[in-house]
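Spelled out from the first residue to the last, the chains are:
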Amino acid sequence: MPTLIPILGDQLSHSLASLRAVPKSEAIILMMEVTEEATHVPHHPQKIALFFSAMRHFAAELREQGWTVDYVTLDDAQNTGGFTHEVTRAAARHAASRIVTVKAGEWRVLAAQASWPNVTLLDDDRFLCSIDQFAAWAAPRKRLVMEDFYRIMRRQTGLLMDGDQPIGGQWNYDADNRKAVPKGHRFTPPLRFAPDAITAEVLALVRTRFDNHFGALDSFAWPVTRHHALEALHDFITHRLPGFGDYQDAMVTGEDVLNHSLLSPALNLGLLSPLEVCQAAQAAFHAGTAPLNAVEGFIRQIIGWREYVRGLYWFAGPDYTSRNHLNAHRPLPALFWGAPTDLKCLSEAVDATRRNAMAHHIQRLMILGNFAMLTGTDPAEVHRWYLAVYADALEWVEAPNVIGMSQFADGGLMATKPYAAGGAYVNRMGNHCRTCRYDVKARTGPTACPLNSLYWDFLARHEETLASNQRLWRMYDGWRRFSADEQQRIRAQAATFLANLA
Ligand SMILES: Cc1cc2nc3c(=O)[nH]c(=O)nc-3n(C[C@H](O)[C@H](O)[C@H](O)COP(=O)(O)OP(=O)(O)OC[C@H]3O[C@@H](n4cnc5c(N)ncnc54)[C@H](O)[C@@H]3O)c2cc1C
Ligand code: SF4
C-alpha cells in the first residue's frame, strides 16, 4: 500500500525530508490548493499566484523525475477547501497505509497536521539551526541577542571565517553601511520573470477568485521555479550585492528595490536554500566582486536574522501572535488598505506594497511598523495585515518581525527597545520629506510632520512602562526638557491627528 506525502506550498525543495524518507515507487505526493489557506487572511493576489504557480511548476518537475503526484487545483469540483479534509480524501482515494509529511512552518497548520491519521511528522531540516538547537541556546538566556546567535551561526557554517575568527577581524561591518544615497544615483532594476503558460493560467484563476483582495496582479514577475530563482540570485550577486551594505537602510522616492535582493519569496518557498545563497555571496567576496561590508551584511540577514526569527517563533510558543505588551487597541488605519494619505513616506510604502506585494525592510519596520506602533494600533491587526500583503509572508518569519521587532508587543523578548522614530529619522534615511506636504522639522502647527508629535506622544503615553529602559534614557531626557506648555501642545497635536485617523 502506498505512502501519502502531502507537500505544502512553502515546501518546494527537491531535497525535502519527506522526499528523502520514502522510495519513489511507494510514494504518492499530494499537493493541494485550498481556499482556507488562500483566505484565512486576505492575501495579496500576487502572493496567492506566486504560491499556486510555484506549486504547479514544482509538481511538474516532480512528475518529470518519476514521482507520482496527485495535484488538487483550487477549482477542482471535489476540492473541500481545507488541508485536513483533502488529506483524508486522498488517503482514502489511494488506500494509503500511512502519511509522511514535513512539519508546517506555522503553529496553526502544525496542529492540523498532528490530527491526520497515521501520520509521521518530519522536522523541516532546510534551516541551518534546528528548533531544538535554538531552544537550547535561548532557554538559559535573559536576553536573546541576535548578534550572539549570529556568531554561533558563523562558526557553525564557516561562512566568512578564518579558522575560529571572522575574516577581516570584525564580526559586523555595519559601521561602514547605511550611507545616504548620492543625488542622481542609479540603481540596477532586478530581473523580472514573464509569466509562462502555467503562471498565466494561475493569474486568470486568481483574478477570478480573489479580485476583492488588496493588491495589483498585473505586475506579477516573481521567480516561480528553482531555475528562475537561481537566475534571480545570480542577478542580485552580480548587480546589487556590491552596494548592498551602503544603502541598506535607505529610502528613495520611486525606487522600490534599491540594492535589496528580493530573494525572500524564493527562500521562503524553498526554491533556494539559505546556505547556497550565502555561499554565492561569499564567493563574490573571494572573487573580489563584492566588498566585505556588503557580503557580511547580507549573510548576517540570512544566517543571523532569518534563522534567529524562525527559532524565536517556535521558542515563544503558539500564543505569540496575541501578545500586546503596550496594550494597543486601535483598529488598523484604513491607509494600510490604500485609503489616501498625505504622509509621503506612508503613501510610498503602502503603494509599493499594493503594486509589488513587497516593501523593503526599512519601509516595513520604520515607516509602516513605526506608524502602527506610534498610533497605538492593535498588534494582532498589524500582524494579520503583514501576513496578508507580502509575497514572502509566512508566519514563522512575519510574526517575530511584526509582533516583536516592529510593535514591541512581546515586551522585549526580541528587541531591546521599541523601534520608534519621528520625522527626523525618515528625513535622514531618505528623500521622501522633500516632496511631502508636511514640514519634517516642525512638531506642532498645521503643517507639522505628524510623526513628530506622534513620537513624543507615544513616549509620554508609555512612560510608566518604558522610561526605565536604559536604551530609552536619552529620549525621555529629551521629552522632559520640553516645557510643560510645549509638552501639552505636542500631545494635543497628536490627539487631533489620532482623532482624525479614527
Ligand atoms: C515588520 C516586518 C515584517 C517582516 N515580514 C517578513 C515576512 O513576512 N517574510 C520575510 O521573509 N521577511 C520579513 N521581514 C524581514 C525583511 O524585511 C524581509 O525579509 C526583506 O525585506 C525581504 O526582502 P529582500 O529579500 O529584498 O531582503 P534583503 O534586504 O535582500 O535581505 C536578504 C535576506 O535576508 C533575510 N532577512 C533580512 N532581514 C530579515 C529579518 N528581519 N527577518 C528574517 N529574515 C530577514 C531575508 O530572507 C532576505 O531575503 C519583515 C521585517 C519587518 C520589519
Ligand atoms: S515630513 Fe513627515 S510625514 Fe512627510 S515624508 Fe517626512 S516623515 Fe513622512
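Computed from a prediction, not measured in an experiment: that's the story for all the values here.

(A) Layout of the overall build of the protein. Within the protein, the regular secondary structure consists of 21 helices and 7 strands. In terms of overall size, the protein behaves like a compact globule, its C-alpha atoms giving a radius of gyration of 23 Å where 502 residues would be expected to give roughly 23 Å. Each principal axis of the C-alpha distribution contributes one length, and for the protein these read about 80 × 55 × 50 Å. The proportion of buried residues among the 502 residues of the protein is 46%. Relative to all contacts within the protein whose residues are 6 or more apart in sequence, the contacts with residues 24 or more apart total 74%.

(B) Expanded view of the site of ligand 2. Around ligand 2, the surrounding shell holds 14 residues, and the nearest of these are Cys345, Val426, Cys433, Cys436 and Cys449. Elements represented by at least two residues in the shell around ligand 2 include exactly α13 (344–356), α17 (423–429) and α18 (450–461). At 3 residues, α17 tops the list of elements feeding residues into the shell around ligand 2. In terms of residue class, the shell around ligand 2 is made up of 10 nonpolar, 3 polar and 1 charged.

(C) Fine view of helix α3 (residues 45–64). The end-to-end C-alpha distance of α3, which contains 20 residues, comes to 29 Å, matching closely the 28 Å that a straight helix rising 1.5 Å per residue would cover. Of all 20 residues making up α3, 14 are buried, and the element is well covered by its neighbours. Looking one or two residues past α3, Gly66 carries a phi angle of roughly 95°, positive in sign.

(D) Fine view of the environment of Tyr390. Looking at the element boundaries, Tyr390 is found in the loop between α15 (379–389) and α16 (395–406). Classification of Tyr390 as buried rests on a count of 25 C-beta atoms within 10 Å. Taking the C-alpha atoms as reference points, Tyr390 and Ala359, separated by 31 residues in sequence, lie 7.7 Å from one another.

(E) Quick peek at the nonpolar core. Counting residues in hydrophobic clusters, the biggest one holds 140 residues, and the most contacted among them are Leu241, Ala281 and Val295. For this core, the leading source of residues is helix α12 (residues 292–316), giving 11 residues. Among residues more than four places away in sequence, those in contact with Val295 are Leu160, Leu241, Ala281, Gln282, Ala284, Phe285 and Ala290.

(F) Region of interest: the site of ligand 1. The immediate surroundings of ligand 1 are formed by 28 residues, with His260, Ser261, Ser264, Gln301 and Glu398 found nearest. Residue assignment for the shell around ligand 1 shows that the elements contributing at least two residues are α10 (264–269), α12, α14 (361–374) and α16. Its residues assigned to classes, the shell around ligand 1 comprises 14 nonpolar, 10 polar and 4 charged. Both domains that furnish three or more residues to the shell around ligand 1 are identified here as domain 2 (131–190 + 240–316) and domain 3 (334–501).

(G) The arrangement of the packing of α12 against α16 in detail. With their axes 8 Å apart at the nearest point, α12 and α16 run at an angle of 85° to one another. On the basis of the axis angle, α12 is roughly perpendicular to α16. Contacts from Arg306, Val309, Arg310, Leu312 and Tyr313 in α12 reach Trp396, Val397, Ala399, Pro400, Asn401 and Gly404 in α16. Split into classes, the residues belonging to the contact of α12 with α16 amount to 7 nonpolar, 2 polar and 2 charged.

(H) Broad picture of the pairing of strand β4 (residues 98–102). Where burial is concerned, most of β4 is hidden: 4 out of the 5 residues are buried. Relative to β4, strand β1 (residues 3–6) runs parallel, the two sharing 2 bridges. Within the sheet, the bridge partner assigned to Leu4 lies in β4 and is Ile99. In this structure, β4 lies alongside strand β5 (residues 119–122), joined through 4 bridges in parallel fashion. Of the residues in β5, the one forming a bridge with Thr101 is Leu121. Taken together, β4, helix α5 (residues 107–114) and β5 form a β-α-β motif whose crossover is right-handed.

(I) Highlighting the sheet that holds β5. Pairing is parallel in the open sheet, where 5 strands are placed in the order β3-β2-β1-β4-β5. The two strands at the open ends of the sheet, each matched to only one other strand, are β3 (68–72) and β5. In this sheet, adjacent strand axes meet at a mean angle of 25° when their direction is disregarded. Summarising the sheet, β1 and strand β2 (residues 27–32) pair through 4 bridges and their orientation is parallel. Its bridge partner lying in β2, Leu4 is registered against Ile28. Where α3 meets the sheet, its contacts fall on β2 and β3, and the angle it forms with β3 comes to roughly 160°.

(J) The domain arrangement of the protein, seen in detail. Annotation of the protein at the domain level lists domain 1 (3–122), domain 2 (131–190 + 240–316) and domain 3 (334–501). Look at where the C-alpha atoms of domain 1 and domain 2 centre, and you get two points 31 Å apart. Of the residues lining the interface, 6 residues belong to domain 1; the matching set on domain 2 comes to 5 residues. Here the side of domain 1 that touches domain 2 is built from residues that sort into 3 nonpolar, 2 polar and 1 charged.

Calculation criteria
- Residues numbered from 1 in each chain as written.
- Chains lettered and ligands numbered in written order.
- Predicted model: local features only at pLDDT ≥ 70, side-chain atom pairs only at ≥ 80, totals over all residues.
- Helix = DSSP H or I, 4+ residues; strand = E, 2+ residues; numbered from the N terminus.
- Rg over C-alpha atoms; globule rule 2.2 N^0.38 Å.
- Buried ≥ 20, exposed ≤ 12 C-beta atoms within 10 Å, placed from the backbone.
- Contact = placed C-beta atoms within 7 Å.
- Near = placed C-beta within 6 Å.
- Nonpolar A, V, L, I, M, F, W, Y, C, P; charged D, E, K, R; others polar.
- Expected span 1.5 Å × (residues − 1).
- Core = buried A, V, L, I, M, F, W, Y, C linked by C-beta atoms within 7 Å.
- Domains from an automatic or database assignment.
- Axes fitted to C-alpha atoms, helices over the stretch in contact; angles between N-to-C directions.
- Parallel < 35°, antiparallel > 145°, perpendicular 65-115°, else oblique.
- Pairing = 2+ DSSP bridges.
- Right-handed = clockwise from strand over helix to strand, strands pointing away.

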